[in-house]
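Survey of secondary and tertiary structure
If you want the building blocks of each chain, they are given just below.
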Amino acid sequence: MDYLPLFLRIENRRAVVIGGGPVAARKAELLLKCGARVVLIAPQLQRSARELLAAWPGRLEHQEAAFAAAHLEGAALAIAACDVPAVNAQVAREAEAHGIPVNVVDDPARSSFIFPAIVDRSPVIVAIGSQGAAPVLARRLRGLIEALLPARLGELARFAGERRQLVQQQLAPRARRPFWERLFSGPLARQVLAGETEGVREGFARALAGARAQAPAPGEVYLIGAGPGDPDLLTLRALQLLQQADVVLYDRLVDPAVLERARRDAERVFVGKAPEGCHTPQELINELLIDYARRGLKVARLKGGDPFIFGRGGEELQALARAGIACTVVPGITAGLAAAAAAGLPLTHRELSQSVTFVTGHAIGEDALDWPALARPRQTIVFYMSVSRLADIVIRLRAAGAPAQRPAALIERASLAGQRILRSTLAELPALAAAAQVSAPALLVIGEVVALARAEGELAPLACLLQGVA
């Protein structure tokens, strides 16, 4: 983020707007609605500004003058909305010299703050910004959000605010959040949003009394598949539970952008495992999940891909079941599916592949794999965690009968920035991967389907190539 989003209290503080046209009037009106004492600096006012001056007597002042540095004395903030660029630049310089926040309309480079697009359901305020890059897009998003939020949302917020202290007095800290979550998703909230006030006070009193009588809610664990990395590929259920979790235990392969979707105040605990070097033992992860849940917390176990595909989610589920901890499993888009989609590879194809096999690269040196079965034609094999063992995989498949020319692909950082797709044959792929310096996370896909590539929307024969995707 290049800007820190804030809600600034400017009630009864002096705000200076330089300009006398419609833009200056709009900015001044917004400041007036926030309780500021606004001064318009302009040699003359246009109609919209004159009408605003008449509508806000005592709160809006007009100084009929050209801008001078002295106008900024005692100001909490300044807005340059003049149609003369040189004057706006002067305002920006003087504001910086005085240590006053300044917004120069349509000039983010000279501004120390910018105005977001606002959805007003006071006291609920939603601010949408594009860091000055695309204000029209921000306004479009505002329209979409505006349509989603109930008109009486502010009334619900005031209703809760008037009773917040009472809830703090009567409920233990651990019980407060679940109480408000139940209230905001229940019939009482719907009644307030519908404008039906009859019986609301009594209903709230009953709900609070019921919460006092309830035993503390037990903790629970959410095993959440974080998908391949792109936060837009999280499921809706995953987003909902991330917003509810008090603590998040996350893996090395969970992208920071995914972690940002969790509650801001949630505790974050890294429990990743690295192929080499330090890692968190699985037994310790199990103990942490149980300990946090027994403290009555909602625990999100955030795992790359899908929890039950090479994610050891099954072991964690067993440990929680033995401890009597409730657990919800949320599937994620596993890396194999995401990588194939990124490369435009159909994992199955009516004419080329009738089955898909997911294999872990960690088992390459063991006898657990049926190499002759993996070497057979008319199927697709997806190797996870395979980059460091690529040469061994090729040797074993060739020894088991796989032809040298069988199509193969490596997909690096599927769905993420820097994604790369390396397509070749089984025999040539290790050398090409070494030359391209492919690194984890990357998946290996082998099979006739890799010999298909998109060409103007159609499937066409593949020429060996190194494809970089920004």
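Residues numbered from 1 in each chain as written. Predicted model: local features only at pLDDT ≥ 70, side-chain atom pairs only at ≥ 80, totals over all residues. Heavy atoms only, no water.

What the five strands build is an open sheet, ordered β3-β2-β1-β4-β5; its pairing is parallel. The open sheet has two edge strands with one neighbour each: β3 (60-63) and β5 (102-104). Geometrically, the sheet is characterised by an average inter-axis angle of 15° between neighbouring strands, direction not taken into account. Sheet topology places strand β1 (residues 14-18) next to strand β2 (residues 37-41); five bridges connect them, and they run parallel. Looking at β2, one finds that Ala-15 is bridged to Val-38. (Pairing = 2+ DSSP bridges. Helix = DSSP H or I, 4+ residues; strand = E, 2+ residues; numbered from the N terminus. Axes fitted to C-alpha atoms, helices over the stretch in contact; angles between N-to-C directions.)

Looking now at the pairing of strand β16 (residues 420-425). With five of its six residues buried, β16 lies for the most part within the structure. In the sheet, strand β15 (residues 407-412) pairs with β16 via six bridges, with the strands oriented antiparallel. Among the inter-strand pairings, Ile-411 is bridged to a residue of β16, identified as Ile-421. (Buried < 20%, exposed > 50% of the residue type's maximum accessible area, 1.4 Å probe, protein only.)

The next point concerns the pattern of salt bridges. A complete count under the given rule lists 20 salt bridges for this structure. Its salt-bridge partner being Arg-9, residue Glu-11 comes within 2.8 Å of it at the nearest N-O pair. Salt-bridge contacts for Asp-246 lead to Arg-263; the nearest nitrogen and oxygen are separated by 3.1 Å. One end of the pair, Asp-246, is in the loop between α9 (236-244) and β9 (247-250); the other, Arg-263, is in the loop between α10 (256-259) and β10 (267-270), and 17 residues separate them in sequence. In this structure Asp-246 comes out as partly exposed when scored by relative accessible area, which is 22%. Connected via shared salt-bridge partners are Asp-251, Arg-301, Lys-303 and Glu-316. (Salt bridge = Lys/Arg side-chain N within 4 Å of Asp/Glu carboxyl O.)

Hydrogen bonding along the main chain pairs the strands of a sheet, whether they run parallel or antiparallel. Read across the open sheet, the five strands follow the order β10-β9-β11-β8-β12; overall the sheet is parallel. If you trace the sheet from one side to the other, it starts and ends with β10 and β12 (326-330), each paired once. Here the average twist between neighbouring strands, direction ignored, is 20°. In this sheet, β10 lies alongside β9 in parallel orientation, the contact comprising four bridges. From the neighbouring strand, Tyr-250 faces β10, where its bridge partner is Phe-270. Seen against the sheet, helix α12 (residues 313-323) touches β8 (220-225), β11 (298-303) and β12 and runs at an angle of roughly 170° to β8. (Contact = heavy atoms within 4.5 Å.)

Moving on to the packing of helix α15 (residues 390-399) against helix α16 (residues 429-436). Interaxial distance between α15 and α16 falls to 9 Å at its minimum, and their mutual angle equals 170°. Taken as axis vectors, α15 and α16 run roughly antiparallel relative to one another. Facing Leu-390, Ala-391 and Val-394 of α15, the residues of α16 in contact are Leu-429, Pro-430 and Ala-433. Classifying every residue of the contact of α15 with α16 by side-chain character gives six nonpolar, no polar and no charged. (Parallel < 35°, antiparallel > 145°, perpendicular 65-115°, else oblique. Nonpolar A, V, L, I, M, F, W, Y, C, P; charged D, E, K, R; others polar.)

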